[in-house]
Amino acid sequence: MNRREFLLAAGAGVLAAVGAQGGTEMMSQKPSSKGRGMTRVALVRTTDRATGIKRAIDLLGINTVKGKGVLLKPNFNTADPFPGSTHNDTLTHLILQLKTMGAESITIGERSGPPDMADVLQDKGIYSLCEKLGVGLIDFEKLPAGDWVLIKPEKSSWRNGFDVARPVLESPCVVTTCCLKTHGFGGVFTMSLKLSVGVTRKKNMAELHSSFLSMRKMIAEINQAYTPKLILLDGLEAFVDGGPGHGTRKRADIILAGTDRVAIDAVGIAILKKLGSNSAIMGKKIFEQEQISRAAELGIGVSRPQDIELVTDDAQGKEYAGQLGKILEQG
């Protein structure tokens, strides 16, 4: 892929109402996260996805999916091997866990870029995986024009808003699963906040990728459109440089779970700092990263590291969480 193609490979809030025609105007910004209290991020050190995913979700002590239809949003921008895209084992074990938790139904929904979504799904074996596990599948690229809703937040970096897939907006329960990696073409990092780029229409990417000075803020602003009920980050391996499809790999052996996109990404950046990453990660404080700072300003998540509570279930995790806590405090 050339640079332009990589720029297109990008790929997680509140919506007052979804208009059937035209767009939805967000009449006011979501209030600041100050005073919202602590948010819990579960951290599990493991090399086993099956047990790690269950342990991380159990540590949150909540069940946000029981009795609900779940729209599951992975990272399928391309079919590149993990962490270039969501590992199929992660997807499988997450689906099985959601079923155990009592999800009424599960449907995977995603848009890729630059490859066609159908090709990515075929190359990754997702059609057969869905059939085997009994889950639905929505290729956002095949949605008719009427199933895209124009979102126009106030004071946005977007010139005229952005389109969001209606199934995301209308789902009673969105669950997202992201990877741990840097982004070599403007995003700086791609975790839960940037995952939301995949709920927008491909035609919106021309504006996003030509707006280098405001790209990170625009990514954060997409997250105003919806709020996931559960976020799972697979950090068994990470890209510490390069990305999103290919990069310099390091083992992290981490699974994170939470409900706050800013907190998940802040902890993810702390992990990249601990592993040793590129200058864009190492040379800037975590809450000064534009995706983080803009999302916090909009009230999408916490606004300071002191509001993140790292929870774990063993001595190894406790030691690692303590090290990350110091990195978060120092920025």
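In this text the structure is predicted, and so the values were computed from the model without any measurement. (Residues numbered from 1 in each chain as written. Predicted model: local features only at pLDDT ≥ 70, side-chain atom pairs only at ≥ 80, totals over all residues. Heavy atoms only, no water.)

## A look at the packing of aromatic side chains
Consideration 1: Tallying each qualifying case throughout the model produces 1 aromatic pair.
Consideration 2: Ring plane angle 55° and centroid distance 5.3 Å describe the contact between W158 and F162, whose orientation is recorded as tilted. For the pair shown, W158 and F162 are each scored as buried.
Consideration 3: The ring of Y320 has R45 lying over it, and the distance from NZ or CZ to the ring centre is 4.1 Å.
Consideration 4: One cation-aromatic arrangement involves R216 over F212; the distance from NZ or CZ to the ring centre is 5.0 Å. (Phe/Tyr/Trp six-rings, centres within 6.5 Å; stacked < 30°, edge-to-face > 60°. Buried < 20%, exposed > 50% of the residue type's maximum accessible area, 1.4 Å probe, protein only. Lys NZ or Arg CZ within 6 Å of the ring centre and 35° of its normal.)

## Comments concerning the pattern of salt bridges
Consideration 1: Under the defined criterion, the tally for this structure stands at 16 salt bridges.
Consideration 2: Here R166 and E170 are joined by a salt bridge, their closest N and O atoms 3.5 Å apart. Here R166 pairs with E170, and both are found in helix α6 (residues 166–170), just 4 residues apart, close to one helical turn.
Consideration 3: The class of R166 is buried, set by a relative accessible area of 12%.
Consideration 4: By relative accessible area, which is 53% here, E170 ends up exposed.
Consideration 5: One salt bridge connects R216 with E290, and the closest N-O pair in it is separated by 3.1 Å. (Salt bridge = Lys/Arg side-chain N within 4 Å of Asp/Glu carboxyl O. Helix = DSSP H or I, 4+ residues; strand = E, 2+ residues; numbered from the N terminus.)

## Comments concerning the confidence of the model for the chain
Consideration 1: With 89% of its residues at a pLDDT of 70 or more, the chain has an overall mean of 90.
Consideration 2: With pLDDT under 50 throughout, residues 1–35 is counted as low confidence; its partners more than four residues away or in other chains account for 106 contacts. (pLDDT = per-residue confidence, 0-100. Contact = heavy atoms within 4.5 Å.)

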